[in-house]
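# Structural features, examined
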Amino acid sequence: QEILQALDDNVYELTKTVENEKTERRLNVGKFKDDAKDTLYQYQKSITDFQEKSMNEFNKMKEKIEKDVFDRLEAQDDLVDNLSNSVKNFQETLKKISN
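It should be emphasised that the depicted structure is a prediction, and the values quoted were computed from it without experimental measurement.

## A closer look at the overall build of the protein
- Of regular secondary structure, the protein possesses one helix and zero strands.
- Relative to the 2.2 N^0.38 estimate, which gives 13 Å for 99 residues, the radius of gyration of the protein is 42 Å and therefore markedly larger than a compact globule would have.
- If you line up the protein on its principal axes, its C-alpha atoms span 145 × 10 × 5 Å.
- Summing over all exposed atoms, the protein offers an accessible surface of approximately 9800 Å²; the carbon and sulfur share of this is 58%.
- Here the protein carries 17 positive and 22 negative side-chain charges, and the mean point of each set is 8 Å from the other.

What follows is the structure, encoded as structure tokens:
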């Protein structure tokens, strides 16, 4: 009878130990899943932030280039207008001199 009782006690202790280990494993797996979800969220947020910042910088550079091109074209137009006026004035002066 003592042997059976000792055997029952050992079975109870082993069952208790196994159940505790299962519970601990489940908690660890749950914690791992939560940590993985948090890490994934942080990576996704970092990627989204990087994309947003990159697009903002790209748009700023694009606007600056467009403005520079416009300014250069405008300056070239002014230069051509000035040259055209100079040539016209020179031609008019030559006409007056030749008459």
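## Here we look at a negative patch on the surface
- The grouping of Glu74, Asp77, Asp78 and Asp81 at the surface amounts to a negative patch.
- Topologically, Glu74 is positioned in helix H1 (residues 2-98).

## Some points on the pattern of salt bridges
- In this structure the tally under the stated criterion is five salt bridges.
- One salt bridge in this structure joins Asp35 and Lys31, with 3.1 Å as the shortest N-O distance. Taken together, the positions of Asp35 and Lys31, both in helix H1 and four residues apart, correspond to about one turn of that helix.
- Taking the relative accessible area as the measure of exposure, Asp35 reaches 35% and is therefore partly exposed.
- The salt bridge partner of Lys60 is Glu57, with a shortest N-O separation of 3.7 Å. One end of the pair is Lys60 and the other is Glu57, both in helix H1 and three residues apart, which spans about a single turn.

## Digging into a nonpolar patch on the surface
- Taken together, the side chains of Met61, Ile65, Val69 and Leu73 make up a nonpolar region of the molecular surface, amounting to roughly 390 Å² of accessible area.
- With respect to the helices and strands, Met61 occurs in helix H1.
- Met61 sits in the exposed class, given a relative accessible area of 53%.

Calculation notes
Residue positions are given per chain, counting from 1 as you read along its sequence in written order. Totals for whole chains, interfaces and linings use every residue, but because this is a predicted model, local features are given only for residues with pLDDT of at least 70 and side-chain atom pairs only at 80 or more, for both listing and counting. Only hydrogens and water are set aside; all other atoms, that is, all heavy atoms of the structure, feed into the side-chain values. Each helix is a run of H or I in the DSSP string that is no shorter than four residues. Each strand is a run of E no shorter than two, and both are numbered from the N terminus. Every radius of gyration here is taken over C-alpha atoms, with the globule rule written as 2.2 Å times N^0.38, N being the number of residues. For every accessible area listed, the method is Shrake-Rupley and the probe measures 1.4 Å; residues are considered covered only by the protein chains on display. We treat Lys and Arg as the positive residues and Asp and Glu as the negative residues; His and chain ends play no part in the count. To locate a charge, take atom NZ for lysine, CZ for arginine, CG for aspartate or CD for glutamate. Patches here are clusters of residues that have more than 30% relative accessible area and form no salt bridge, with a 9 Å joining cutoff for like charges and a 5 Å cutoff for nonpolar side chains (Val, Leu, Ile, Met, Phe, Trp, Tyr). Just to be clear on terms, a salt bridge is a Lys or Arg side-chain nitrogen sitting within 4 Å of an Asp or Glu carboxyl oxygen. Throughout this description, buried means an accessible area under 20% of the type-specific maximum (1.4 Å probe, protein chains only), exposed means over 50%, and partly exposed covers the range between.

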